[in-house]
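Each chain, letter by letter, is given below.
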Amino acid sequence: MQPKMKSQHTPDYILIFVIIAILLVGTIMVYSASSIWAEYKFNDSFYFLKRQILFAGVGMIAMMIVSNIPYFQWIKYRKWIFIGSLILLVAVLIPGIGMVRGGARSWIGVGAFSIQPAEFIKLAMIMFLSGFLVNHQDKITEFKKGFLPPLAISVIVFLIIMLQPDLGTGMVFLLTCFLLIFVAGAKIMHFVFLAGFGVIGFLLLIISAPYRINRITAFLDPWQDPLGTGFQIIQSLYAIGPGGLLGVGFGNSLQKYFYLPEPHNDFIFAIIAEELGFIGASFVIVLFFLFVWRGILTAIHAPDLFARLLAVGIVGMIAIQVMINISVVIGLIPVTGITLPFLSYGGSSLTLTLCSVGILINISKYRQ
């Protein structure tokens, strides 16, 4: 599926600048948030910083390579990419292959090298679903032939992710799929019709795992168990509160001294708010708004439906993950283990996110 306008333009340099800016902020804050823990555990305060720079470097190289691959080439390989990612996702569940971390079997690897297949399946599904919706565009308004098949595929993959279990990643995955189906032209009434089943399913997921019920009760009243289920959110708010307008200063966080769990991962935004204050945290949010704005413009001016859906899926995936992470950190929703794109420490998440935006940058070259 090659666009009618074959001529390439210059890429969206504002989009590239915003991505690099967020990445730089993230790299700096990973060091600040992790230095104490790294010194304690590895006797090297730069341990996580060095690894994050390596991940960012690999991710940037991958982003540059992908940004030079014409986006319409992906439609030819989308099925194989999806099948390969799905095989990896299922392989995680096999004892002896999948690695358990933080109570979830979400990793495959040997020693220090590991990958998180759930990150791969998000991008693979965006590619696969975009191509599927393009090929079935004339049937999207029909419930059985157009709406139900992509929904069923999305729910099946979501349930596989939940077997790990990984509710945070599963939520981002499923909401991104819903967004793509909606943008492709599905009827709102179809979503309304299935909303009741969705609520029932969500309640069953909560009831099936006692720790999820504990997270909800901790969200409603974290002080009911301040040293247990309410510990993370209390410590997160303790970090945000003292930050005030200008923050306590870079490197001066108190919560990273073994109070706030995962300060360089899921709760890095709390450290940003503590050290850089309301202004610093707002600056990060503004950068994400700029990213979404440029991404939406890329989708609007995309030369064909596949490019438009691909752009919407990538921007939507990142935006949904940002909203969930920040909402957790500031106490708006119960705790879910999910990273903050570009900012949190991690290899699979950062590398795959940069690969995704590489595709977005390429689409911007073909804007009409």
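Residues numbered from 1 in each chain as written. Predicted model: local features only at pLDDT ≥ 70, side-chain atom pairs only at ≥ 80, totals over all residues. Heavy atoms only, no water.

Within an unreviewed UniProt entry, the label attached to the protein reads Stage V sporulation protein E, and the organism entered is Gracilibacillus thailandensis. Under the UniProt heading Subcellular location (unreviewed entry), the entry covering the protein gives this text: "Cell membrane". (UniProt positions renumbered as here; feature names shortened; annotations may be inferred.)

(A) Representation of the overall build of the protein. Summing up its helical and strand segments, the protein has 12 helices and three strands in all. On C-alpha atoms alone, the protein measures out to a radius of gyration of 21 Å, which is about the 21 Å that the 2.2 N^0.38 rule sets for 368 residues. Structurally, the protein occupies a C-alpha span of about 55 × 50 × 40 Å along its principal axes. Considering the protein as a whole, with its 368 residues, one finds that 51% of them fall into the buried category. Long-range contacts, defined as pairs at least 24 residues apart, comprise 73% of the intrachain contacts of the protein with a sequence gap of at least 6. (Helix = DSSP H or I, 4+ residues; strand = E, 2+ residues; numbered from the N terminus. Rg over C-alpha atoms; globule rule 2.2 N^0.38 Å. Buried < 20%, exposed > 50% of the residue type's maximum accessible area, 1.4 Å probe, protein only. Contact = heavy atoms within 4.5 Å.)

(B) Seen up close, the layout of surface pockets. Here the second largest pocket is characterised by a volume of approximately 610 Å³. Together, 21 residues line the second largest pocket, and Leu174, Phe178, Phe197, Gly198 and Val199 are the ones closest to its centre. Partitioning the lining of the second largest pocket into residue classes produces 18 nonpolar, three polar and no charged. (1 Å grid on protein atoms, 1.4 Å probe; cavity = no way out; pocket = protein on both sides within 12 Å on 5 of 7 lines; lining within 4 Å. Points joined across faces, edges and corners; volume = space filled by probe spheres on them. Nonpolar A, V, L, I, M, F, W, Y, C, P; charged D, E, K, R; others polar.)

(C) Structural context of the packing of aromatic side chains. For the coordinates displayed, the defined rule picks out 20 aromatic pairs. Relative to Phe48, the ring of Phe42 lies with its centre 5.8 Å away and its plane at 80 degrees, an arrangement referred to as edge-to-face. You can call Phe42 partly exposed: its relative accessible area is 35%. The exposure class assigned to Phe48 is buried, which follows from its relative accessible area of 7%. Aromatic rings pair up to connect Phe42, Tyr47, Phe48, Phe55 and Tyr345 into one cluster. (Phe/Tyr/Trp six-rings, centres within 6.5 Å; stacked < 30°, edge-to-face > 60°.)

(D) Just the pattern of salt bridges, in detail. Here the structure, examined in full by the defined rule, presents four salt bridges. Two residues, Asp12 and Arg294, come together in a salt bridge whose shortest N-O distance is 2.9 Å. Here the residue Asp12 occupies a position in the segment before helix H1 (13–42), and Arg294 occupies one in helix H10 (residues 268–300), the gap between them amounting to 282 residues. Relative accessible area serves as the criterion here: at 9%, Asp12 is assigned to the buried category. In this structure Arg294 comes out as buried when scored by relative accessible area, which is 14%. A salt bridge links Lys256 to Glu275; the nearest nitrogen and oxygen atoms lie 3.4 Å apart. Placement of Lys256 in the loop between helix H9 (231–243) and H10 and of Glu275 in helix H10 is noted, with a sequence separation of 19 residues between them. Across the pair, Glu275 and Lys256 agree in class, each one buried. (Salt bridge = Lys/Arg side-chain N within 4 Å of Asp/Glu carboxyl O.)

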